[in-house]
Amino acid sequence: MTTTAPGTAPGAAADVELAIGGMTCASCAARIEKKLNRMDGVEATVNYATEKAKVTFREDVSVADLIATVEATGYTAEEPAPVRTGAEAGTRTGADGSGGAERAADELRPLRQRLLTAVALAVPVIAMSMVPALQFEYWQWLSLTLTAPVVTYAAWPFHRAAWTNARHGAATMDTLISVGTSAAFLWSVWALFFGTAGHPGMTHPFELTIGRSDGAGNIYLEAAAGVTAFILAGRHFEARSKRKAGAALKALLELGAKDVTVLGPDGSERTVPTAELTVGDRFLVRPGEKIATDGTVVEGSSAVDASLLTGESVPVEVAPGDTVTGATLNAGGRLVVEASRVGADTQLARMARLVEDAQNGKAAAQRLADRISAVFVPVVIGLALATLGAWLATGSGITAAFTAAVAVLIIACPCALGLATPTALMVGTGRGAQLGILIKGPEVLETTRKVDTIVLDKTGTVTTGRMTLLAVHTADGVDRAQVLRLAGSLEHSSEHPIARAVAEGAAAEVGALPAPEDFAGIAGLGVQGVVEGHAVLVGREKLLAEWAMELTPALRKAKEEAEAAGRTAIAVAWDGEARAVLEVADAVKETSPEAIDRLRALGLTPILLTGDNRAVAEAVAAEVGIEEVYAEVMPQDKVAVIKSLQTEGRSVAMVGDGVNDAAALAQADLGLAMGTGTDAAIEAGDLTLVRGDLRSAADAIRLSRRTLGTIRSNLFWAFAYNVAALPLAAAGLLNPMIAGAAMAFSSVFVVGNSLRLRRFRPVEG
């Protein structure tokens, strides 16, 4: 998908997004980015999390040149398929005819197969090596047989990545894993075939003495197999999380209507896929249907629920001449709409691009293990070579020198390091799932430590997201129960969301509602009918005025105060007199004020951001204790608000639940999606709060910070054990049981430290 860059002459510059394959860590992304930026006329950013490169290039550079550069660096690159919406998004397939989900599963299958192979074969090897009772006469040869497929087939991705890194003068976690497992395996093979380790009845006794050894009787097969299995488990878990990176776009694009009823010039109706609509087509939207695309109403009037796209909690009344947006819901009458924008030009498609741009622009967190490995790996390899040279220089013999050098590599092999991140992440995410908090991956955790500002969507996040009857003001001498019974009876016959709020509120207070003897809806004004012998009107003040009725001074004051607070005021009259004013609004959740206090206690500054009008937003902010408010903000402007806060130096978290929040959630440093919201918002977020309780946002940040702290302490101790034993290895004093005990103890420590996360408790309300 190539486009001309804005502000340039045609052909002068273009943008392209490339799908990158083969990256195993953030340093891979940095290497590709560096290579691309070395090309004349090319500016590139590569994102490890989304596996994409966004490139701007001059006309004398072709996309083929860019792909060739990436491939020369040791990775793959291709142009992604074009973005499609509506019905196209739902049927989109790959070149082989398979859907996106099937392709993702295909990509995960080889990794899963390698993991299962490694686990099945490594478990008996580790058991035999660690439990003397299991060491029968030729157990070491069975261990070799089981370990060989693990170190070759299962560990192949590490060896391949290490070779790619080595060709470009780099060392990462893959290098350490490859060198360590290979050294452990190859030395074990030498000891079995050419040393004394292959003799019948050889055992690994539990001797923790320090003494020199020529290595001829030592094997390290359990280290080679165990490290491979542990780290493959971590990679599989991470890969599953990364496969969801594009799901936000898929959910957003599939939100629109799949089919549409198009009207012919003669008034005939035919149903076609939304993708076949063209500008100027007229189409029918029945009550309860989604509007197929952006357009202008030419016939009919209705209330359109646009809360998913705009955040407005009150449905918008539309009539001929008004514009409507695709994917919004027709909550009232029959509409005929003339299409004004289709396909990639619609607001929904533009929002999809906003989400994608925000995801691509977000810097991926460098994995902690790779940061340390960038220094640790070259040092260990250098120390091993220095050890070999030093022993040879002292005339100690090739066997002793090689034993010491290999011991350095083996003790540095990151057995506990392979467990450090996956175990903490699995325990932390498992505990989060029990509490209704879903954490998408390790990259998310580091961000939670840095955020200092939290932006909250209003509708469905701070508020309930649905219209609720909040207050009833009656004229003197009028019975409240009668008001609710008569008004609720009429509104129960209407499909309007505000009418449903009145009917539900009335039924909850007075019980069963009587059936109206007569009913009629008046477009844009309200409803009228006969209930229990009374001629009843429910709706706007203008409806009463048409019947020569006025609100009493007390009711007028109540109406004005309700509207000043951003609520919808509904007048009720019967038998020629105004009897009451009802207040309907999107109610604040009972737990929201407490949630704001908890977020402040974590050092976060709350901000309210909404597409709703300012009066409503400020009323809600005052009720929950938020001082900073951005109101009447369209989806694309929400992204701009997040960006402006980031340019001020703030690290921004965003909590939202609607499609209108998806791009902002992706742009924010940390996106928290309410699980009661839309799939698009949930997939765009980094954390998902299954419950619709804002207090869980504070719990999610606390749990994420605690999990990150556990990962950091795990990494420290995983390396500390290795570093402490390196001098012993270099001095030739590394008894294999000491090495095995150090590795086992470090692994046990890491697992035990991670299991402490199971005791995490949310703050009691």
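Above this text sits the structure in question.
This report concerns the structure included in the present document. (Residues numbered from 1 in each chain as written. Predicted model: local features only at pLDDT ≥ 70, side-chain atom pairs only at ≥ 80, totals over all residues. Heavy atoms only, no water.)

**Focus on the layout of surface pockets**
As a reminder, the rule being used: A cavity here means a set of 1 Å grid points, computed over protein atoms only, where a 1.4 Å probe fits but cannot escape. A pocket is an open set with protein on both sides within 12 Å along at least 5 of 7 lines, and lining residues have an atom within 4 Å of a point. Grid points are joined across faces, edges and corners, and a volume is the space filled by probe spheres set on the points. Residue type decides the class: Asp, Glu, Lys and Arg count as charged, Ala, Val, Leu, Ile, Met, Phe, Trp, Tyr, Cys and Pro as nonpolar, and the leftover types, Gly among them, as polar.
Roughly 920 Å³ of internal volume is contained in the second largest pocket. Looking at the lining of the second largest pocket residue by residue, the classes come out as 16 nonpolar, 15 polar and 10 charged.

**Re the sheet that holds strand E27 (residues 687-689)**
Our working rule: Any two strands with at least two DSSP-identified bridges between them are counted as paired. Where helices and strands are cited, they refer to DSSP runs of H or I of at least four residues and of E of at least two residues respectively, numbered from the N terminus. All axes are obtained by fitting lines to C-alpha atoms, using only the stretch in contact for helices, and the reported angles, taken between N-to-C directions, cover 0 to 180 degrees.
Taken together, seven strands build an open sheet; the order of strands is E15-E27-E26-E25-E16-E23-E24 and the sheet is mixed. Sheet topology places strand E15 (437-439) and strand E24 (628-630) at the edges, where each strand pairs with a single neighbour. Within the sheet, the average angular offset between the axes of one strand and its neighbour, ignoring direction, is 20°. Two elements, strand E16 (residues 453-457) and strand E25 (residues 652-656), share four bridges in a ladder whose sense is parallel. Bridge pairing in E25 links Ile454 to Ala653.

**A few points about the pattern of salt bridges**
Condition: The working definition used for a salt bridge is a side-chain nitrogen of Lys or Arg within 4 Å of a carboxyl oxygen of Asp or Glu. Under the scheme applied here, a residue whose accessible area is under 20% of the maximum for its type counts as buried, over 50% as exposed, and between as partly exposed, the area being computed with a 1.4 Å probe on protein chains only.
Under the counting rule described, the total for this entry stands at 19 salt bridges. A salt bridge links Glu509 to Arg480; its shortest N-O distance comes to 2.7 Å. Here Glu509, found in helix H18 (residues 497-510), pairs with Arg480, found in helix H17 (residues 480-491); they are 29 residues apart in sequence, far enough to count as distant. For Glu509, a relative accessible area of 43% corresponds to the partly exposed category. The partly exposed category is assigned to Arg480, whose relative accessible area is 36%. Its salt-bridge partner being Arg614, residue Glu618 comes within 3.3 Å of it at the nearest N-O pair. Of this pair, Glu618 and Arg614 both sit in helix H22 (residues 614-624), four residues apart, which is roughly one turn of the helix. The class for Glu618 is partly exposed, based on a relative accessible area of 41%. With a relative accessible area of 36%, Arg614 lands in the partly exposed category.

**Quick notes on the sheet that holds strand E6 (residues 259-263)**
Strand order across the open sheet formed by six strands is E7-E6-E8-E14-E9-E12, with antiparallel pairing between neighbours. If you trace the sheet from one side to the other, it starts and ends with strand E7 (269-273) and strand E12 (323-324), each paired once. Summarising the sheet, E6 and E7 pair through five bridges and their orientation is antiparallel. Bridge pairing links Thr261 to Thr271 in E7.

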